[in-house]
Amino acid sequence: MKKKIGICGCTGHVVKFGELVNSFAESEVTVVWDYDQPRGKQVADQLQVPFEADYDAVLNNYGLDGVLIITENKYKAELILRAAEHRISVFVEKPMCVKLEEAYAIQKAVHDNNVKFFMTDPFVRSGTLKIEQLIKDGSLGNITEASIRIAQLRPRFEQQFSRETSQGGIMADIGGHAIHIAHYLFGKPQKISSVLIYKTPYAKEQQTETNAYITMVYPDDLTVSLECSFDSRGLENHTIVRGDKATACIVPKETMREGEEVVEVYTDRIHKEVISDLPQNPKRHIRYFVEMLVYDYPNDIVGRDPLSNSGVSIDHAVEYVEIINTIYQNANRGLVEVI
């Protein structure tokens, strides 16, 4: 029998996600809900399933095995908590929330009700897996620093980010990709400093940052910098890890297809090795979530199974919120005017 999936929230890639669910033999979308009824009805029509305006009815009347929560940050925590209380498993786009108290409540509900949880963030790919291997086998030596840049051009920022619904700017959005990569490679940092920039009048009014520059410090003074921008025109993303033997960086393949990467390893300014034979990319996020339901994978396998790294486990998702919260709490506190 197919696993029944409800779509709860209709932002972003929702139709693509629904089509993916329906493309698998083991799963199907059975209902769509959104607080914005016209938006939800449009998605339901595209997926040819019923639209349900009552979230309680979604949880009680459709025999759901899981929900895809694809909505603005403001609404995620309540939707996740109510689904978990009904023992319905949860797939949610990053971040699962921004507030610490909500993160801890979600963590407790997921564990107490023994439901599956998968926070999607498909930015640990084959290149990151290869760099992890190079770190572990000592090819780079003792790691001293790393730099991660995630950026894109967002000319319609004003139409997509209000403080009320997004609860933050770039670090409550694609900045999470940088956190994911850093957390996967190095774990939870000990200290964080952050500078947030508001490049438009709307961003300043809403306090939704367009640019973020983060320094994270780990044991032995390993320093990881994150650079996140909504004002980028080319050369959007990179990951660079430096050790005392060599430096490794991830670059896109010349095809420029999303997710296709090579790793370059430098032992000095001249000598470069290009590694194109990389580990297998993780499974697509929706596919892995469906397999969690079908094969009863435990929550703690997410992030340990290399094929699961398009997502984040519940406990690591909480650590992400702790990092995001610290970034916002410490923003711009270390800035001193130059005399």
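Notes on the structure follow. Just so it is clear, the structure is predicted and the values come from calculations on it, not from any experiment.

## Things to note about empty space enclosed by the protein
This model, assessed by the stated rule, comprises 1 cavity of 30 Å³ or more. There is about 30 Å³ of room inside the largest cavity. Looking at the largest cavity, the residues that line it are Lys 94, Pro 95, Met 119, Gly 176, Tyr 320 and Ile 324. Split by residue class, the lining of the largest cavity holds 4 nonpolar, 1 polar and 1 charged.

## Quick look at the packing of helix 6 (residues 126–136) against helix 9 (residues 175–186)
Running from N to C, helix 6 and helix 9 cross one another at 30°; their axes reach a closest spacing of 10 Å. Here helix 6 lies roughly parallel to helix 9, going by the angle between them. Between helix 6 and helix 9 the crossing geometry is right-handed. Contacts between helix 6 and helix 9 involve Thr 128, Leu 129, Ile 131, Glu 132 and Ile 135 from the first element and Ile 181, Tyr 184, Leu 185 and Phe 186 from the second. When grouped by side-chain class, the residues that make up the contact of helix 6 with helix 9 number 7 nonpolar, 1 polar and 1 charged.

## With respect to the sheet that holds strand 2 (residues 27–33)
Pairing is mixed across the open sheet formed by 6 strands, whose spatial order is 2-1-3-4-5-14. With one partner strand each, in any of the chains shown, strand 2 and strand 14 (311–312) form the two edges of the open sheet.

Calculation rules
Residues numbered from 1 in each chain as written. Predicted model: local features only at pLDDT ≥ 70, side-chain atom pairs only at ≥ 80, totals over all residues. Heavy atoms only, no water. 1 Å grid on protein atoms, 1.4 Å probe; cavity = no way out; pocket = protein on both sides within 12 Å on 5 of 7 lines; lining within 4 Å. Points joined across faces, edges and corners; volume = space filled by probe spheres on them. Nonpolar A, V, L, I, M, F, W, Y, C, P; charged D, E, K, R; others polar. Axes fitted to C-alpha atoms, helices over the stretch in contact; angles between N-to-C directions. Helix = DSSP H or I, 4+ residues; strand = E, 2+ residues; numbered from the N terminus. Parallel < 35°, antiparallel > 145°, perpendicular 65-115°, else oblique. Left-handed = near helix turned anticlockwise from the far one by under 90°. Contact = heavy atoms within 4.5 Å. Pairing = 2+ DSSP bridges.

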